[in-house]
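A closer look at the structure
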2 protein chains.
Amino acid sequence: MADIYRALADPTRRAILDELIKREGQTLFEVCGRLAMAHGIASSRQAVSQHLAVLEEVGLVRTERQGRTKLHWFDGSPLKSIVSRWPIPRGKSKS
Amino acid sequence: MADIYRALADPTRRAILDELIKREGQTLFEVCGRLAMAHGIASSRQAVSQHLAVLEEVGLVRTERQGRTKLHWFDGSPLKSIVSRWPIPRGKSKS
DNA sequence: AGGATAGGCAAGTCGTACCTTGCATTTCAA
DNA sequence: TTGAAATGCAAGGTACGACTTGCCTATCCT
């Protein structure tokens, strides 16, 4: 894979990005819990771990190890390639 | 499906959007030819037709029938939902 | 009318993304 | 040092997306 568009194609991964924005530096377990709370997504720990790995691979998530935990941050820089590729009209999105 | 993120996940569909920007109101056969010329993509007519259907379903492509041909236009409006969902830093994209 | 052109529809195949299962690794705490 | 907590790794299963194949419909031209 290794493609920002494919990374964004999964709804669970998009929800993960949403949660990482609400609170920075979350651990894997924190993300799991918040997914269940705010989105009703009951993904297993391994599933979320793999999603985070995909997001990290394309640069949408940056990580830092602290002891036995791993903290995750959202990084929107890769999204710039989407914005610059196609013309986007101004104004509010209708949805 | 019916999801702009899934629609953008396919490289061929992204190339189709690129070509529709270069020249507006293209027919199915024009898109096929330009994909082969500019991107080296040798997709069959049916494959391109299905891709266009997906893009139209999510609003990234608008169409208009003219006799026995069907013309296609790019519409970037749905992309606004991506921009407004996550914070995107300013500046040029690194890639 | 008849052929040719442009496109649509539907069933089937195949690859792969997503998830699970099980176990291994690293770190902290008593 | 022993157990528990947080995460990593790898193989297997399953479902869905992308493509093909075959045939059908609609429109234009002579």
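Anyway, here's the lowdown on the structure attached to this text. (Residues numbered from 1 in each chain as written. Chains lettered and ligands numbered in written order. Predicted model: local features only at pLDDT ≥ 70, side-chain atom pairs only at ≥ 80, totals over all residues. Heavy atoms only, no water.)

1. Digging into the protein's contact with DNA strand D
Surrounding DNA strand D, one finds 18 residues, the nearest of these being Phe29 and Arg45 of chain A together with Arg13, Ser44 and His51 of chain B. Atoms of DNA strand D within 4 Å of the protein: sugar and phosphate make up 66%, bases the balance. Within the side chain of Arg45 of chain A, a nitrogen or oxygen atom sits 3.1 Å from a base oxygen of DNA strand D. The contact in question runs from a base oxygen of DNA strand D to an N or O atom on the side chain of Gln50 of chain B, over 3.1 Å. Those elements that provide at least two residues to the surface near DNA strand D are helix 3 (28-39), helix 4 (45-57) and strand 2 (69-74) of chain A together with helix 4 (45-57) of chain B. When residues of the surface near DNA strand D are assigned to their parent elements, the largest contribution, four residues, is made by helix 4 of chain B. (Near = heavy atom within 4 Å. Polar contact = N/O pair within 3.5 Å; in protein donor to acceptor, adjacent residues only side chain to side chain. Helix = DSSP H or I, 4+ residues; strand = E, 2+ residues; numbered from the N terminus.)

2. Considering the pairing of strand 1 (residues 61-66) of chain B
Both faces of the sheet carry side chains from a regular strand, because those side chains alternate between them. Residue and element names in this part refer to chain B. Across six bridges, the pairing between strand 1 and strand 2 (residues 69-74) is antiparallel. Residue pairing across strands places Glu64 opposite Leu71, the latter belonging to strand 2. Joining the antiparallel neighbours strand 1 and strand 2 is a turn of two residues, in which Gly67 adopts a positive phi near 65 degrees. (Pairing = 2+ DSSP bridges.)

3. Here we look at the layout of surface pockets
Of the voids in this model, the largest pocket is the one considered here, and its volume is about 460 Å³. Along its surface, the largest pocket is lined by 18 residues, and Val83, Ile88 and Arg90 of chain A together with Val83 and Ile88 of chain B are the ones closest to its centre. Of all the secondary structure elements, the ones that give two or more residues to the lining of the largest pocket are helix 5 (80-85) of chain A together with helix 5 (80-85) of chain B. Put simply, the second largest pocket is a space of about 260 Å³. Along the wall of the second largest pocket there are 13 residues; nearest its centre are Leu28, Arg68, Thr69, Lys70 and His72 of chain A. Every element with two or more residues in the lining of the second largest pocket is listed here: helix 3, helix 4 and strand 2 of chain A. Considering each element in turn, the lining of the second largest pocket owes the most residues, five residues, to helix 4 of chain A. Counted by class, the lining of the second largest pocket contains four nonpolar, four polar and five charged residues. (1 Å grid on protein atoms, 1.4 Å probe; cavity = no way out; pocket = protein on both sides within 12 Å on 5 of 7 lines; lining within 4 Å. Points joined across faces, edges and corners; volume = space filled by probe spheres on them. Nonpolar A, V, L, I, M, F, W, Y, C, P; charged D, E, K, R; others polar.)

4. Comments concerning the interface of chain B and chain A
On the chain A side, the residues contacting the 29 residues of chain B number 29 residues. Carbon and sulfur atoms make up 64% of the area that chain B and chain A hide from each other, which totals about 2500 Å². On the chain B side of the contact with chain A, Arg14, Lys80 and Trp86 of chain B bury the most area, a combined 26% of that side's loss. For the pair chain B and chain A, the number of links is four salt bridges. (Contact = heavy atoms within 4.5 Å. Buried area = accessible area lost by both parts, 1.4 Å probe. Salt bridge = Lys/Arg side-chain N within 4 Å of Asp/Glu carboxyl O.)

5. Brief notes about the nonpolar core
Ranked by internal contacts, the top residues of the largest apolar core, which has 48 residues, are Leu8 of chain A together with Leu8 of chain B. Those elements that place two or more of their residues in this core are helix 1 (4-8), helix 2 (11-22), helix 3 and helix 4 of chain A together with helix 1 (4-8), helix 2 (11-22), helix 3 (28-39) and helix 4 of chain B. If near-sequence neighbours (up to four positions away) are discounted, Leu8 of chain B is found in contact with Tyr5 and Trp86 of chain A together with Arg14, Leu17, Leu60, Leu79 and Ile82 of chain B. (Core = buried A, V, L, I, M, F, W, Y, C linked by side-chain atoms within 4.5 Å. Buried < 20%, exposed > 50% of the residue type's maximum accessible area, 1.4 Å probe, protein only.)

6. Regarding the pattern of salt bridges
Once their charged atoms are close, side chains differing in charge can pair, the charge on each being opposite to the other. All names here are of chain A. Counted according to the given criterion, the structure contains 14 salt bridges over all chains. In this structure, Glu19 engages Arg34 in a salt bridge whose closest nitrogen and oxygen atoms are separated by 3.3 Å. Placement of the pair is Glu19 in helix 2 and Arg34 in helix 3, with a sequence separation of 15 residues. Taking the relative accessible area as the measure of exposure, Glu19 reaches 1% and is therefore buried. Salt bridges sharing common partners tie together Glu19, Lys22 and Arg34.

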